[in-house]
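# Structural description and commentary
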Amino acid sequence: MTTSLEMDAASLFLFLHRAALSPIIGFALIAFAVLFFFPGGLSWALSKPHGRSSIPGPPGVAVSAFSGPSAHRELLTLSRSFKATDLMAFSVGFTRFVVSSHPNTAKEILYSSAFADRPVKESAYELLFHRAMGFAPFGDYWRNLRRISSAYLFSPRRIASLGEQRRAIGNKMVSDVRALMKNHGEAEMRRVLHFASLNNVMMSVFGKSYDDLGDGEASELEWLVKEGYALLGAFNWSDHFPFLRWLDLQGVRRRCRRLVKRVNVFVGRLIEQHRDKKTNGKEMDDAGDFVDVLLGLEAEEKLADADMVAVLWEMIFRGTDTVAILLEWALARMVLHPDIQSKARQEIDSVVGSRPVSDADVGSLPYLQFIIKESLRMHPPGPLLSWARLATRDVHVGSHLVPAGTTAMVNMWAIAHDESLWPDPHEFRPERFAEEDVSVLGSDLRLAPFGAGRRVCPGKAMGLASAHLWLALLLQNFDFFPAPRGVDLSECLKMSLEMQKPLTCMAGLWVRLMLMLAALSMLAKPSYRMLISAGNGLMVKLITSASDDSPLEIPVGGLMSQYSFSESLSSLKGGCSDVWNGNPKQH
Ligand code: HEM
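Residues numbered from 1 in each chain as written. Predicted model: local features only at pLDDT ≥ 70, side-chain atom pairs only at ≥ 80, totals over all residues.

## Describing unusual backbone geometry
At Leu 128, a residue that is not glycine, the phi angle is positive and equals roughly 70°. Examined against the element boundaries, Leu 128 turns out to sit in the loop between α7 (122–126) and α8 (140–152). A tally of 20 C-beta atoms within 10 Å means that Leu 128 is categorised as buried. Unusually for a residue other than glycine, Asp 424 sits at a positive phi of about 45°. (Helix = DSSP H or I, 4+ residues; strand = E, 2+ residues; numbered from the N terminus. Buried ≥ 20, exposed ≤ 12 C-beta atoms within 10 Å, placed from the backbone.)

## Overview of the UniProt feature "binding site: heme" (unreviewed entry) in the chain
In the UniProt entry, the feature "binding site: heme" (unreviewed entry) is given for Cys 457. Residues in contact with Cys 457, not counting those within four places in the same chain, are Phe 450 and Gly 451. (UniProt positions renumbered as here; feature names shortened; annotations may be inferred. Contact = placed C-beta atoms within 7 Å.)

## Looking at the site of the ligand
Near the ligand, the surroundings consist of 28 residues, among which Gly 319, Gly 451, Cys 457, Gly 459 and Gly 463 are the closest. Those elements that provide at least two residues to the shell around the ligand are α15 (305–336) and α21 (460–477). If you tally residues by element for the shell around the ligand, the top one is α15, at 7 residues. Among the residues forming the shell around the ligand, the class breakdown is 15 nonpolar, 9 polar and 4 charged. (Near = placed C-beta within 6 Å. Nonpolar A, V, L, I, M, F, W, Y, C, P; charged D, E, K, R; others polar.)

## Some words on the environment of Asn 199
Looking at the secondary structure, you find Asn 199 in helix α11 (residues 189–206). Considered as a pair, Asn 199 and Asp 211 are 12 residues apart in the sequence and their alpha carbons are 8.9 Å apart. Beyond its immediate chain neighbours, meaning those up to four positions away, Asn 199 contacts Ile 169, Ser 209 and Tyr 210.

## A word on the pairing of strand β2 (residues 95–100)
Summarising burial for β2: 6 of the 6 residues are buried, a large majority. Side-chain alternation along β2 places Thr 95, Phe 97 and Val 99 on one buried face and Arg 96, Val 98 and Ser 100 on a second face that is also buried. Here strand β1 (residues 88–92) runs beside β2; their pairing, made up of 5 bridges, is antiparallel. Each bridged residue has a counterpart across the sheet, and for Met 88 the counterpart in β2 is Val 99. Joining the antiparallel neighbours β1 and β2 is a turn of 2 residues, in which Gly 93 adopts a positive phi near 60°. As judged from the 4 bridges shared by β2 and strand β7 (residues 407–410), these two strands associate in the parallel manner. Each residue of the ladder has a partner; that of Val 98, found in β7, is Ala 408. (Pairing = 2+ DSSP bridges.)

## So, α8
In this model α8 runs 18 Å from its N-terminal to its C-terminal C-alpha over 13 residues, within 8% of the 18 Å that 1.5 Å per residue would give. For α8, the complete set of buried residues consists of Trp 142, Leu 145 and Ser 149. Considered in projection along α8, the buried side chains sweep an arc of 65° and stay on one side of the axis. Across from the buried face of α8, at angles greater than 90 degrees, the exposed residues are Asp 140, Arg 147, Ser 150 and Ala 151. In this fold, the buried residues of α8 make contact with α15. (Expected span 1.5 Å × (residues − 1). Arc of directions from axis to C-beta.)

Structural data, given as structure tokens:
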């Protein structure tokens, strides 16, 4: 690779020579070309000489990798073509990057104290996130926030105590899907999942939930969150070309400032309501929310109001879309793989029976857990682990020297799709986790969708508890089928890795019934008529036009709840061969 780059620089020199440009312009152009053709690109060429190590990578300013909808895929392609999957250097404008697509170097980065900081992009700074846990520099302030939230928001006891709340939100989600099916004949899942997830975080953090996103405070919240995602997820040129910053070409700073004002009013009001409650004598108990906890902090742990707003606001951000997006992908997979869907439902039916599933059941539902793991593997909400790390000092990764100030990323999507680590990596196969138990919590870097090391996601147990319970509740209540326009698995990487086209599906046992009746009528010989009776369970009678003497009675309801659609049909066909046509009946 280096050779071809050297050739490019040499041919440019020849060209300049022939063009007989003035020596100064020629020198400037050559210097520019050399900078541009340097492995890793412009920012690496400009780094201190000892930092110009031999990390392979594309020359130039690989802006396109980040401005498209699938940076994780583009970076993998580049890493492979430069034979740099363990570590690749690249530049985005003047920002120096390395990216690891290998578990060994990923582990070194994520666990190293040299990478315990995060780079703060302009939008995060403007939105005051540098005062929140996710972007706060590694140090006492960050440690304090981490300690408080681990003890009061993310502790196993706290998560268990919120089980009933999670279930109530899950039940509301089920009734929302039912209402959508009734009114529209299909359900667009994204809004339902997002609303459930938002309500869950709002309940845990602020002790508040909403019935509907339709109006008033809820619709203000929805707007604030949506605008925040758009700003944090957007590619901002000023982050990488500092001389553009004052121009605010994309209006990011202006929009951030407008948003921060509204967030301060919104979150500030909720904090005041909690203060009033406290001064009115309603003391915080174990079920108090996170705002109560923050207000109760004493001495050096105490947070200023502005910091409290940042901390609380960040929780809404981090906790909402990750869980909703994970579930949307998992449901898309259920729709596309009815056999896996029906296996999961059978597991739920046999372990839980007809009572509603609860948190306590999840431990006995291994297949359900495999589905969530496989969804995290194939569709990690943060394919580049959401927000990167920053080298605070010169540090070695593998045999390479990474200079201080370099932004380091882990391409978890690439690792989770590496065929040397995962057999048939592009196949959705939850069973792989029955063959080999792989933890998703950060100890095994083949699959670390929540990151690892000091800055591993503190909300992972909360996120998983919600994802497991809500998927189980949805599968217990509905059969999911594709809507007429099908399922499109195209991805779009914004702040998280979303489905480009929101998942719309048909849900409900009656959908299965309709499909089964349609199939029966297609498969039965033309001489048979079909009668449906609901007296002793749902029955279909197939009667010859000649005589009603010996109808074939099929217990459709029983078949539907026990078997998958295809199993039901084949068991029916096996039951009485003279009723069935070789070919589907023409209507
Ligand atoms: C499926 C769900 C989730 C996924 C996939 C996810 C993923 C991640 C990832 C990849 C990181 C970066 C880790 C690293 O740098 O090593 C992170 C950090 C973080 N997550 Fe999550 N997350 C999820 C749910 C949540 C929830 C529910 C919350 C809180 C309500 C949360 C709060 C945070 C915070 C505060 C950080 C920053 C931690 C720090 O920098 O110290 N996450 N998450």
